[in-house]
Amino acid sequence: MNISTDPTLFSLVKQGNQIAFKQVYDKYWDRLYMYCFKILNDTWLVEDVLHEVFTQIWIRKEELEITNLKSYLFNAVRNRALLKIRDDKFTKLDEAIVGKLELIPEIEQEFDKNDTILAINRASKELPDRCRDIFYMNKIQHYSSAEIAKHFNISQRTVENQISLALKHLRKELGTTLIILLFSGNL
């Protein structure tokens, strides 16, 4: 099947036609890759962005109303790339803050070690499985982001994003003090 017009292709995609979806993917991948690379200048991030955009199109295919497929794809890639840039800034900020935190002795005495470990385990169970596994491998087992990325066959940036998501969740659930205890080595 080789359909050249975007409206016809997307109409078939909306109906769940995987061949039409692959045609859209093949038709636009290279151009979108080059466009996104000019924004991010990072192969892993570019691939993440493109996979996310195409995945969302497939997942939301029935509800999307796209009149200009090319325009939609380039706008979606640009917006997703800008989100990656914004998230990257916050991730680096989170890591810098956690790295500079020092534990105050009085705070350490306020918490029973076992209760703290139980609270962390309980809060981390609410995380998605892969996010929890990545978090434990990094913060508990002390694997590097590169080692974790290789283990799961994902980008290092995805690993860092998952760690950041886990930290945000734990901070929300446990508060900053318990996070300080967790990363100070006092648990």
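Look a little higher up for the structure.
Summarised in this report is the structure supplied together with it. Keep in mind that this is a model prediction, so the values were computed, not measured. (Residues numbered from 1 in each chain as written. Predicted model: local features only at pLDDT ≥ 70, side-chain atom pairs only at ≥ 80, totals over all residues. Heavy atoms only, no water.)

Turning our eyes to something else, we now look at the layout of surface pockets. As a volume, the largest pocket reaches approximately 410 Å³. Along its surface, the largest pocket is lined by 18 residues, and E52, K84, T158, N161 and Q162 are the ones closest to its centre. Ranked by residues supplied to the lining of the largest pocket, first place goes to helix 9 (residues 156–174) with 6 residues. Split by residue class, the lining of the largest pocket holds 3 nonpolar, 8 polar and 7 charged. (1 Å grid on protein atoms, 1.4 Å probe; cavity = no way out; pocket = protein on both sides within 12 Å on 5 of 7 lines; lining within 4 Å. Points joined across faces, edges and corners; volume = space filled by probe spheres on them. Helix = DSSP H or I, 4+ residues; strand = E, 2+ residues; numbered from the N terminus. Nonpolar A, V, L, I, M, F, W, Y, C, P; charged D, E, K, R; others polar.)

Remark: helix 7 (residues 129–140) packs on helix 8 (residues 145–152), axes separated minimally by 10 Å, with the N-to-C direction vectors making an angle of 140°. Between helix 7 and helix 8, the interaxial angle falls into the category oblique. Considering how the two elements wind past one another, helix 7 and helix 8 form a crossing that is right-handed. Of helix 8, the residues touching helix 7 (which contributes R130, D133, I134, M137 and N138) are S145, I148, H151 and F152. Along the lines of polarity and charge, the residues of the contact of helix 7 with helix 8 split into 4 nonpolar, 3 polar and 2 charged. (Axes fitted to C-alpha atoms, helices over the stretch in contact; angles between N-to-C directions. Parallel < 35°, antiparallel > 145°, perpendicular 65-115°, else oblique. Left-handed = near helix turned anticlockwise from the far one by under 90°. Contact = heavy atoms within 4.5 Å.)

Tracing the backbone through its elements, the reader meets E160 in helix 9. For E160, the side chain forms a polar contact with the side chain of R157, separated by 2.8 Å. (Polar contact = N/O pair within 3.5 Å; in protein donor to acceptor, adjacent residues only side chain to side chain.)

Attention now goes to unusual backbone geometry. The phi dihedral of N41 is positive, around 55°, even though this residue is not glycine. Here N41 is to be found in the loop between helix 2 (18–40) and helix 3 (43–59). A positive phi angle, close to 60°, is found at N153, a residue other than glycine. Within the secondary structure, N153 is located in the loop between helix 8 and helix 9.

Taking 1.5 Å per residue as the helical rise, helix 3 with its 17 residues ought to reach 24 Å, and the 24 Å between its terminal C-alpha atoms agrees with that figure. Listed in full, the buried residues belonging to helix 3 are L45, V46, D48, V49, L50, V53, F54 and I57. Between a side-chain oxygen at the N-terminus of helix 3 and the backbone nitrogen of W44 the separation is 2.9 Å; the capping residue is D42. (Expected span 1.5 Å × (residues − 1). Buried < 20%, exposed > 50% of the residue type's maximum accessible area, 1.4 Å probe, protein only.)

Position of S155 relative to the elements: it lies in the loop between helix 8 and helix 9. Among the polar contacts made by the side chain of S155, one reaches the side chain of T158 at a distance of 2.8 Å. Setting aside its immediate chain neighbours within four residues, S155 contacts W44, D48 and A149.

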